[in-house]
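Breakdown of the fold
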Amino acid sequence: MDKIRNLSVRKTIILYMVFALLCSFLFSAVIFRIAERTQMLIWWKYVDEEAYFKVVERVGPYHVADIPRPSSYEMTQSDYFGSELCDFLQTYAVLVLSMAGSCVAVFLFYQNKLKKPIEELAQASKKIAENHLDFDMTYENKDEMGVLCKEFERMRRQLVRNNQILWTTIEEEKMLRAAIAHEIRAPLSVLKGYQEMLMEYLPSADIDMEQAMEMLSESGRQIERMDTFVEAMRKMSSLEKRELIAGDISARWLEEVIQAELVIMEKEYGKQCMLQMSASKEVFCGDKEIILEVTENLLSNAFRYGKQQIAIMVKAGYSELSICVRDDGDGFREEAEKITEAFYGQNVKDSLKHAGIGMYISRLYCEKHGGKLVLGNDEQGGAVVTAIFRRIA
């Protein structure tokens, strides 16, 4: 039964038509035989039996004498109508029943093969037009209509994913606009306040040079903060356009590059960092610049928030590269989703030098590289951030 249900549309209509025609021919043969015998019975009423049997005796046992057809004026009206009806059935029964059987076959074919998937497709199209995507296609036959329904279901799922991406993009844009307004408003308010104070007190010499220089110095820091913010915005605007450039990355090369970066950061922050590399001869294929930028962001955060000791563990394999950075600071106090948002910062003073997009960019780069960014806290205190990258070629 499953084989018949899963037959292609072409084979199914052929099967229905062949079966309908066979039934029509068999039924026509039965009707033909019944009409012939009925007509003979009608004609027998108007035959001279004595003359008929004399003819039968004369021609011999091996011959059959046909019953002569009575004239229309000899038969009653009902017998004449019955005889003509029998003639019609014997002549046209095959044609009429074949046409009727074909119509029944087409109707049954539509009812059993096309009606359900067409109704499902119509309802699905209506729901999609009304932007209702929370439904499933239930037609699961493996014929052409089943394939069409599966493709329609695939399209629905893609629309759901696209809507989710669009909704996420809209939410991120809202968040980005709010962050831009907040980041720009704060330094502008400070600059506006200092400008008003200087314009008010400088003409009357009610402010000394030291206070004026302090205001100018603070104004410079606010301008530097805005420059940092503008640079961060420029970098964010180029994230989506950034294409991955595949290159071979060995554990030895990673160790040399990270070690050189650690030397600079240890001198800058006055803290120690221990590097652990997994012993592997396999070569990972990935974007070197992206991996190094993510590593630099993770190390920069660890050095800023760690107290004394930072550790970085690198595992390089053929299909996956993971970089885990631990520090001995206070750890994360909020959820990972909040921390990886753009312009997030735990320390207000720290926002003067950092725009708060390092973790955000790291998360996007990891996802762009087929991996993810995992944030957590160590059992002994401190933050643990792991960047996972997947092979891209």
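The residue count restarts for each chain, going from 1 along the sequence in the order it is written. Reporting in this predicted model follows two pLDDT cut-offs: at least 70 for local features of residues, and 80 or more for side-chain atom pairs to be given and counted; totals over whole chains, interfaces and linings ignore these cut-offs and use all residues. Where side-chain values are given, they derive from all heavy atoms of the structure, hydrogens and water being excluded.

It is worth spelling out the side chain of Asn301 at this point. Here Asn301 lies in helix α8 (residues 288–305). A simple rule labels every residue: compare its accessible area, found with a 1.4 Å probe on the protein chains alone, to the largest value its type can have, and call it buried under 20%, exposed over 50%, or partly exposed in between. Residue Asn301 is classed as buried on the basis of its relative accessible area, which comes to 15%. In the analysis that follows, any N or O atom pair within 3.5 Å is treated as a polar contact, provided that within protein one partner can donate a hydrogen and the other can accept it, and provided that, for residues neighboring in sequence, both atoms belong to side chains. Among the polar contacts made by the side chain of Asn301, one reaches the side chain of Arg304 at a distance of 2.6 Å. Contacts of Asn301, omitting those with residues within four sequence positions, involve Gly306 and Met359. Note on conventions: DSSP H or I runs of at least 4 residues are helices, E runs of at least 2 residues are strands, and numbering of each starts at the N terminus. The contact criterion used is simple: two residues touch if any of their non-hydrogen atoms lie within 4.5 Å.

Now for the nonpolar core. As used here, the term nonpolar core means buried Ala, Val, Leu, Ile, Met, Phe, Trp, Tyr and Cys residues forming a set that is joined through side-chain atoms within 4.5 Å. Ile312 and Phe389 are the most contacted members of the largest nonpolar core, which totals 35 residues. Going through the elements one at a time, α7 (251–269), β2 (272–277), α8, β4 (309–316), β5 (320–327), α10 (358–368), β6 (372–377) and β7 (383–390) are the ones with two or more residues in this core. Here the element with the most residues in this core is α8; it accounts for seven residues. Residues within four places of Phe389 in sequence aside, it is in contact with Phe284, Ile290, Ile291, Val294, Ser319, Glu320, Leu321, Ile323, Cys366, His369 and Gly371. Core analysis: the next-biggest nonpolar cluster, separate from the first, contains 12 residues, Leu133, Phe135, Tyr139 and Cys149 among them.

Attention now moves to the pattern of salt bridges. What makes a salt bridge here is a side-chain nitrogen of Lys or Arg within 4 Å of a carboxyl oxygen of Asp or Glu, nothing more. Counted by the stated rule, this structure contains 12 salt bridges. Two residues, Glu151 and Arg154, come together in a salt bridge whose shortest N-O distance is 2.8 Å. Of this pair, Glu151 and Arg154 are both found in helix α5 (residues 144–201), three residues apart, which corresponds to roughly one turn of the helix. Exposure remark for Glu151: the relative accessible area of 39% places this residue in the partly exposed category. Given the relative accessible area of 51%, Arg154 is considered exposed. Put simply, Glu320 and Arg390 hold a salt bridge, and the shortest N to O gap is 2.1 Å. You can see Glu320 sitting in strand β5 and its partner Arg390 sitting in strand β7, a full 70 residues away along the chain. A residue is classified by how much of its surface remains accessible, and Glu320, at 30% relative accessible area, is partly exposed. Among the ionic contacts, a cluster of salt bridges with common partners joins Asp136, Glu153, Arg156 and Arg157.

The next subject is the sheet that holds β4. At least two DSSP bridges between two strands are required for those strands to pair. What the five strands build is an open sheet, ordered β2-β4-β5-β7-β6; its pairing is mixed. Of all strands in the sheet, those bounded by a partner on one side alone are β2 and β6. Direction aside, neighbouring strands of the sheet carry axes that sit 15° apart on average. For β6 and β7, the ladder comprises six bridges, and the chain directions are antiparallel. Within the sheet, the bridge partner assigned to Leu375 lies in β7 and is Val385. Strand contacts of α8: β2, β4, β5, β6 and β7, with the helix running at about 15° to β5, the strand carrying the most contacts. Where helices are involved, their axes are fitted lines through C-alpha atoms of the stretch in contact, as for all axes, and angles between N-to-C directions lie from 0 to 180°. Contacting β6 and β7, α10 runs over the sheet at an angle of about 135° to β6.

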